[in-house]
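One-letter residues, chain by chain:
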Amino acid sequence: MAEPLPIDAALPELLSALTARGMAVLQAPPGAGKTTRVPLAILEARLTPGRIVMLEPRRLAARAAAERMAMTIGENVGVTVGYRMRGEARTSPATRIEVVTEGILTRMLQSDPALDGIGALLFDEFHERSLNADLGLALALDVRGALRDDLLLLVMSATLDAAPVAALMGDAPVITAEGVAWPVETRWLPRPLHPGARLETETATLIRQALAEADGDVLAFLPGEGEIRRTAKGLGDIPGTVIRPLFGAMEIAAQRAALAPEPPGTRKLVLATAIAETSLTIPGIRVVVDAGRARRARFDPASGMSRLVTERVTRAEADQRRGRAGRTAPGVCFRLWTRGEEGALAAFPPPEIAAADLAGLALDLSLWGGGAGLRFLTPPPAAALAEARTLLAELGALEPDAATGASPPRSGETMGGAGSPPEDSPVFRITDHGRRLAEMPLHPRLAHMLALAGRPAATLAALLADRDPLRGAPPDLALRLAALKGERTPYPLDPAAADRIRAEAKRLARFAPDAPPMSPGAMAALAYPDRIAVRRDGEAPRYLLANGKGAAMDPGTPLAGEPLIVATDLDGDPREARIRQAVALADSDFRRLYAARIRWQETCRWSVRERRVVARRQEVFGALTLADRPWPEVPPQAVARAAVEGLRQIGLPWAPAARRLAARIRLAAGSDADWPATDDDALLADPDWILPSLAGTRTEADLKALDLTAALAARLSWDQARELDRLAPSQYETPLGRRIPIDYDGDHPGVDLRLQELFGETRHPTVGAAALPLRLTLLSPGGKPVQVTLDLPGFWASSYAEVRRDMRGRYPRHPWPEDPTQADPTLRAKPRGT
């Protein structure tokens, strides 16, 4: 008889809810027993004649859950209870409960939407919010609504807020199970870590403290395999304690050893990644050491690259880890942070769909018919989804669906939220090639490579999908391929990783066609056309990728001298990514593969650096320039449009005549919007008016010497030109008949002229139909201003007498009558001697 577990008390209510509604959400804390008890209870209650399929987010948890259930009913795995995951399956015709992982459930739904023979789908550990779980639930809800109203759906979670999930499932009932309430004491650091402290060193110190201060086996959480290995090395041999690493890429035997009890009298220290947060029960654990870090994949749609980032854990993750110490007895949790730092932790980790590369999701949605109507708990981000579809179109997996007349999603749009259909018009449709890619258990990039390069590409596909088997080696993939073939290398090959990659390559070869051999660079270029890279000029090994991003390689590596490479793995730095893995690409292979996409283009642009128009003919592939030569026969119109950019850089050259004309137009226009604008922003926003004047301009000096007057005048209609002369004439005619340009730049139109030229004028001069008073700048015979006035009669009557006294002594040969209103205008001086 199986030992009692906390979940047992909630099973009757759960089974009743499934019987009545066909769907439910189960909340049960870690250790309650939901993973192993619930599928067996559904089977025993005979709620469905079909198979019960349970989705686990991790391979280790899937295998352990199946083995535990099989042991509970006294059978071997593969009889009543089995499991299936990529590259491994233990099932038989008698299997009634099947635990699956990764994309297995998605493939099942895509290949048989009716799910023939399946009666229930269980989503375990849904709080981890894996992309496959979110997609699987969305597809399952679609299937249940359209084809299988008898399909049982159960979402099981440890910490997730159940209300949104229940709403997504049509207000499904929520059942809550209590967990084991063993108390766990939490101990924090007395002070924050020094900013330069090494995580592995500090974690090893805290582990030694935990071993000394608390009883029982210890589970320590670290972000990744590298930190686990370095921490284990730093700990060395600990008397009476065996150290067991636990991470996803380990051999099955080593994983089982980490989960199994140790001999009496021996303490166990498990150094684990987040794989041990939930699902798995490790007997004897009474102490948890939490390094406070988690590793997550982040996808940047702008660069098209994913990167692994190490972040602080969230409060939900920290609580999950802490709870591992209290599953079987009171425990202690040691945290590698202070109590005061805890308030700064985020509440929950982001769902994978919000931060992951969505190429696989986009392909699955297209295979499902575009994804319209699917309900996601978290909508996939529009930018990442659009980027994914662009990549798939580039790989030939999708093509524009001309029949819909739709356009791609605009920035800011998302697919539907919880309980609502996505705003996702099918813009692309899947091609036959895309359907082939969807059948392969690989990222679409690698599936595309395998489909075109055939079986010879299987090893490279397996290598690129796995962890680096040559730790510490230069980035050249050729070194790794040679090591996998058994060739000697100066770098140590991880035997477990090598065996895993070779086994996966054999499996992948079954999906690939026969094809002639192809170089590793050519194969990689099929998978990563956007990461074909050309070396930049200069000594440092810096590259420009076809997607327009920059990347750099560590100096001194043999690959750093290659002019053309394919960067298959980068750290995702948005400024300049570091190349972690790459392979040389021969120019002949590149041109053979992408001849249809390599093209010549003419460019005529303003060069800010050279401060001139530059016209070139360039051979391009994406953002790469493969050849560059002058374009001597550039059309004048192209030169003119490039010169406009120069004007935007340096500003319009306002010569005095052009400035006066623009001011006249502004005055004449007033508030009439039909008149052309004369401000710089408006003139340069629609520059067609100036293009004829720019056809021969090439340099900044040419632009600065440009006269805008004729071009501005040409913008006026015939009626406007006539009205301009009436409202704002260009010149003022003096009493002597001279025509002086009027300056319209100030508050009042103005002219500069000799004071004597206005003798005899008793009315102030005006301009235009509106009779605007002219601003008169009265000059001495030597051309110096002596008075500025808007009231000439007032000047004659007041200030003139003072000006006369001053000027007579300076300019005695010029007339200075007592009454200027009675004198004749003149520009002449008295003859000498008079």
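For every chain, the first residue of the written sequence is number 1, and numbering continues from 1 onward in sequence order. This being a predicted model, a pLDDT of at least 70 is required before a residue's local features are given, and a value of 80 or more before pairs of side-chain atoms are given or counted; all residues contribute to the totals for chains, interfaces and linings. Hydrogens and water molecules were not included; the side-chain quantities draw on all heavy atoms of the structure.

Caption draft 1: Main features of the overall build of the protein chain. Segments assigned H or I by DSSP are reported as helices when at least four residues long, segments assigned E as strands when at least two residues long, and all are numbered from the N terminus. Assigned secondary structure in the protein chain consists of 28 helices and 33 strands. Both definitions apply: the radius of gyration is a C-alpha atom measure, and the globule rule equals 2.2 Å times residues to the power 0.38. Taking 2.2 N^0.38 as the reference for a compact globule, 834 residues should give roughly 28 Å; the C-alpha atoms of the protein chain span a radius of gyration of 40 Å, well beyond that estimate. Each principal axis of the C-alpha atoms in the protein chain carries an extent, and together these give about 140 × 60 × 60 Å. For every residue, the accessible area (1.4 Å probe, protein chains only) is compared with the maximum for its type, and the residue is labelled buried under 20%, exposed over 50%, or partly exposed between those bounds. Counting all 834 residues of the protein chain, 48% fall into the buried class. We call two residues in contact whenever any of their non-hydrogen atoms come within 4.5 Å of each other. Counted over contacts in the protein chain with a minimum sequence separation of 6, partners at least 24 positions apart contribute 67%. Counted as positive: Lys and Arg. Counted as negative: Asp and Glu, with His and the chain ends omitted from the count. A charge is said to be at NZ when it belongs to Lys, at CZ for Arg, at CG for Asp and at CD for Glu. Looking at charge distribution, the protein chain has the averaged site of its 104 positive side-chain charges lying 4 Å from that of its 104 negative ones.

Caption draft 2: Quick look at the packing of helix α3 (residues 59-72) against helix α9 (residues 252-259). For helices, the axis comes from a line fit to the C-alpha atoms of the stretch in contact; other axes are also lines fit to C-alpha atoms, and the angle between any two N-to-C directions lies between 0 and 180 degrees. Viewed as axis vectors pointing N to C, α3 and α9 meet at an angle of 65 degrees, and their least axial separation amounts to 12 Å. Judged by the sense of rotation from one axis to the other, the crossing of α3 with α9 is right-handed. Where α3 abuts α9, its residues L60, R63, A64 and E67 lie against I252, Q255, R256 and L259. Crossing handedness: left-handed means the near helix sits turned counterclockwise from the far one by under a right angle, and right-handed means the same turn made clockwise.

Caption draft 3: Representation of helix α13 (residues 432-439). All of the buried residues along α13 are H433, G434, L437 and A438. Buried residues along α13 cover an arc of 140 degrees about the axis, so they all sit on one side. The exposed set on the far side of α13, more than 90 degrees from its buried face, consists of D432 and E439. Structurally, α13 contributes buried residues whose contacts are with α4 (104-111), α11 (359-367), β18 (428-430) and α14 (444-453). This arc is taken over the directions from the axis of the helix to the C-beta atoms.

Caption draft 4: Expanded view of the environment of A356. Here A356 is to be found in the loop between β16 (331-338) and α11. The spacing of A356 and L206 is 150 residues in sequence and 33 Å in space, taken between C-alpha atoms.

Caption draft 5: Structural context of unusual backbone geometry. Phi at L115 is positive, roughly 50 degrees, even though this residue is not glycine. Here L115 shows up in the loop between α4 and β6 (118-123). Given the relative accessible area of 1%, L115 is considered buried. With phi around 55 degrees, R129 is a residue other than glycine that occupies positive phi space. Relative to the helices and strands, R129 is located in the loop between β6 and α5 (131-146). Overall, the relative accessible area of 10% leaves R129 in the buried class.

Caption draft 6: Up close: the sheet that holds strand β20 (residues 542-545). What the five strands build is a closed barrel, ordered β19-β20-β21-β23-β22; its pairing is mixed. Strand-to-strand, the axes of this sheet are offset by a mean angle of 50 degrees, without reference to chain direction. Sheet topology note: the strand β19 (residues 532-535)/strand β22 (residues 564-570) ladder contains three bridges and is antiparallel. Paired with I532 across the two strands is V566, which belongs to β22. DSSP bridges decide pairing: two strands pair if at least two such bridges lie between them.

Caption draft 7: How the structure looks around α4. Taken across its eight residues, α4 has six buried, putting it largely inside the fold. Residues I104, L105, T106, M108, L109 and Q110 constitute the buried set of α4. Packing partners of the buried residues in α4 comprise β2 (51-56), β3 (81-85), β5 (97-101), β6, α5 and α11.

Caption draft 8: Up close: the nonpolar core. The biggest cluster of nonpolar side chains holds 98 residues, and the ones touching the most others in it are L121, F123, F126, M169, L361, M449 and I532. With nine residues, the single largest contributor to this core is α5. Among buried residues, those of type Ala, Val, Leu, Ile, Met, Phe, Trp, Tyr and Cys that are joined through side-chain atoms within 4.5 Å constitute a nonpolar core. Counting residues in hydrophobic clusters, the runner-up holds 56 residues, among them I742, V751, L792 and W816.

Caption draft 9: Quick peek at the pattern of salt bridges. In the sections that follow, a salt bridge refers to a side-chain nitrogen of Lys or Arg positioned within 4 Å of a carboxyl oxygen of Asp or Glu. Applying the stated criterion to the full structure yields 56 salt bridges. E227 is the salt-bridge partner of R230, the closest N and O atoms lying 4.0 Å from each other. Of this pair, R230 and E227 both sit in helix α8 (residues 225-235), three residues apart, which is roughly one turn of that helix. Overall, R230 belongs to the partly exposed group, its relative accessible area being 41%. For E227, a relative accessible area of 8% puts it in the buried group. The shortest N-O distance in the salt bridge between E317 and R296 comes to 2.9 Å. Here E317 is found in helix α10 (residues 315-323), whereas its partner R296 is found in strand β14 (residues 293-300), with 21 residues between them in sequence.

Caption draft 10: Region of the structure containing the environment of A249. Following the sequence through the fold, A249 ends up in the loop between β11 (241-246) and α9. Expressed as a C-alpha distance, the spacing of A249 and R500, which sit 251 residues apart in the sequence, is 8.9 Å. What A249 contacts, discounting residues up to four positions off in sequence, is E225, R467 and R500.

Caption draft 11: Representation of the sheet that holds β11 in the model. Taken in spatial order, the six strands make up an open sheet running β9-β16-β13-β10-β12-β11, and their pairing is parallel. Lying at the two open borders of the sheet, with one neighbouring strand each, are β9 (184-189) and β11. Taken over all neighbouring pairs, the strand axes of this sheet differ in orientation by 15 degrees on average, direction set aside. Here β11 pairs with strand β12 (residues 267-272) via six bridges, running parallel. Bridged to R244 within β12 is V270. Each of β9, β10 (217-221), β11, β12, β13 (285-290) and β16 is contacted by helix α7 (residues 199-213), which is oriented at about 150 degrees to β16, the strand it contacts most.

Caption draft 12: Quick peek at the environment of T205. Mapped onto the elements of the fold, T205 is located in helix α7. Taking the C-alpha atoms as reference points, T205 and W631, 426 residues apart in sequence, are found 67 Å from one another.

Caption draft 13: Seen up close, the packing of aromatic side chains. Two aromatic rings, drawn from Phe, Tyr or Trp (for Trp, its six-membered ring), form a pair once their centres lie within 6.5 Å of each other, and the interplanar angle then sorts them: stacked below 30 degrees, edge-to-face above 60, tilted otherwise. For the structure on display, the rule yields eight aromatic pairs. Here the aromatic rings of F123 and F126 are separated by 6.5 Å at their centres, their planes lie at 85 degrees, and the arrangement is edge-to-face. Residue classification places F123 among the buried positions, given a relative accessible area of 1%. Clustering of aromatic rings is evident, with ring pairs tying together F759, F795, W796 and Y800.

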